[in-house]
Amino acid sequence: MCKPLIAGNWKMHGTTDSAVTLAGQLSATWKASAVEMILFPSFVHLAAVREAIAGSAIALGAQNVSQHAAGAFTGEISAEMLVDQGCKYVLVGHSERRALFGESNETVAEKFKAAQGAGLTPILCVGESLQQRQKMQTVEVVTDQITAVIDAVGLDNVCRAVIAYEPVWAIGTGETATPEQAQEVHRAIREQLGDLGVATTLLYGGSVKASNAAALFAQPDINGGLVGGASLEAEEFLNIAQSIEA
Ligand code: PGA
């Protein structure tokens, strides 16, 4: 059985106050269920959000991690530091990291390895650009991104992580993949993982909202969502979370 997840990626938004308020609203309403809710605040809000969700069913995650364990890497945050802050999950290879901060498939694989080695569950983000989709390269791009990580850590380790398919053209644009488009890529990922991947959690991300979530999550190979913009509003995010079939 794939564990259903709903993840809120807050990106570079908010203040300590707004982060604590949002986390408090979510933890007051969200009850333990088969679906796990995870919040990804900015690094500087991790401790405050950890306090706000203490004792609730909500888990904590970070948006990025260094591939290095420790040392002279000014401005970086190690996997061990994230564990120390109470994180259980970390996003790895988000398209904004790949596109805006030059993270290659190889760097993403190193980060995945560092995260898993410290005991975090990486959420490996993959997805094609609009141009790649138009050239019919979607499955090739996504499977290559996953292969780079399999080459670094082995298929079994990739299968015990989480993979989020996020078409780049759908992130923050209001444009969502249709349930059929998303399912097609999720199915290809499931096939790539083979027998070891039957229970791997696969998330969809890219302009998920309460109005389109149920149809996406009803697809057989979609086990939940990675939500950006719509995770910044408690009611909207809770409505999305409630539409996941556990
Ligand atoms: P979005 O972001 O929901 O705002 O499109 C998703 C993501 O970047 O994870």
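To be clear, the structure that these remarks concern was listed above.
As the structure is a computational prediction, the values presented were derived from the model and not from experiment.

## Concerning the site of the ligand
Around the ligand, the structure places 13 residues, and the nearest of them are Lys11, His94, Glu166, Gly172 and Ser207. Here an oxygen atom of the ligand sits 2.7 Å away from a polar atom, N or O, in the main chain of Ser207. One of the backbone N or O atoms of Gly228 is found 2.8 Å from an oxygen atom in the ligand. In isolation the ligand exposes 280 Å². Once the protein is present, 95% of that is buried. Within the shell around the ligand, the residues separate by chemical class into four nonpolar, seven polar and two charged.

## Topic: the pairing of strand E2 (residues 36-40)
Along E2, five of the five residues are buried, which leaves the element largely enclosed by surrounding structure. Of the two faces of E2, the one carrying Glu36, Ile38 and Phe40 and the one carrying Met37 and Leu39 are both buried. Here strand E1 (residues 5-9) pairs with E2 via five bridges, running parallel. The partner of Leu5 across the bridge, within E2, is Glu36. Handedness of the crossover is the feature at issue here: the chain leaves E1, passes through helix H1 (residues 16-29), returns alongside E2, and the resulting connection is right-handed. Note that the unit made of E2, helix H2 (residues 46-53) and strand E3 (residues 58-62) has a crossover that is right-handed.

## Section: the pattern of salt bridges
In the structure shown here, the tally under the stated rule is nine salt bridges. One salt bridge connects Glu51 with Arg50, and the closest N-O pair in it is separated by 3.5 Å. On the basis of relative accessible area, Glu51 is assigned to the exposed category, the value being 53%. Residue classification places Arg50 among the partly exposed residues on the basis of a relative accessible area of 29%. Ionic pairing is found between Asp221 and Arg190, a salt bridge with its closest N-O pair at 3.0 Å. With Asp221 in the loop between helix H10 (210-217) and strand E8 (224-227) and Arg190 in helix H9 (residues 179-193), this pair connects stretches of sequence that are 31 residues apart. One exposure class covers both Asp221 and Arg190, and it is buried. Look at the salt bridges and you will find they share partners, linking Lys3, Glu36 and Lys88 into a network.

The rules behind these values
Throughout, a residue's number is its position along its own chain's written sequence, starting from 1. With the structure being a predicted model, the display of local features is reserved for residues of pLDDT at least 70 and the display and counting of side-chain atom pairs for 80 or more, all residues being used for whole-chain, interface and lining totals. Here the side-chain values reflect all heavy atoms present in the structure, with hydrogen atoms and water set aside. Put simply, a residue is near a molecule or strand once any heavy atom of it comes within 4 Å of that molecule or strand. A 3.5 Å cut-off defines polar contacts: any pair of N or O atoms within that distance qualifies, except that in protein one atom must be a possible hydrogen donor and the other a possible acceptor, and neighbouring residues in sequence count only when both atoms are side-chain atoms. Each accessible area value is a Shrake-Rupley result obtained with a 1.4 Å probe; residue values ignore everything except the protein chains displayed when judging cover. Amino acids outside the nonpolar list (Ala, Val, Leu, Ile, Met, Phe, Trp, Tyr, Cys, Pro) and the charged list (Asp, Glu, Lys, Arg) are all regarded as polar, and Gly is one of them. The cut-offs for exposure are 20% and 50% of the maximum accessible area for each residue type, with area from a 1.4 Å probe on protein chains only; residues under the lower value are buried, those over the upper are exposed, and the others partly exposed. The numbering of helices and of strands both runs from the N terminus, where a helix is a DSSP run of H or I of at least 4 residues and a strand a run of E of at least 2. What makes two strands pair is DSSP finding at least two bridges between them. A clockwise course of the path from the first strand over the helix to the second, judged with the strands pointing away from the viewer, identifies a crossover as right-handed. One speaks of a salt bridge when a side-chain nitrogen belonging to Lys or Arg is within 4 Å of a carboxyl oxygen belonging to Asp or Glu.

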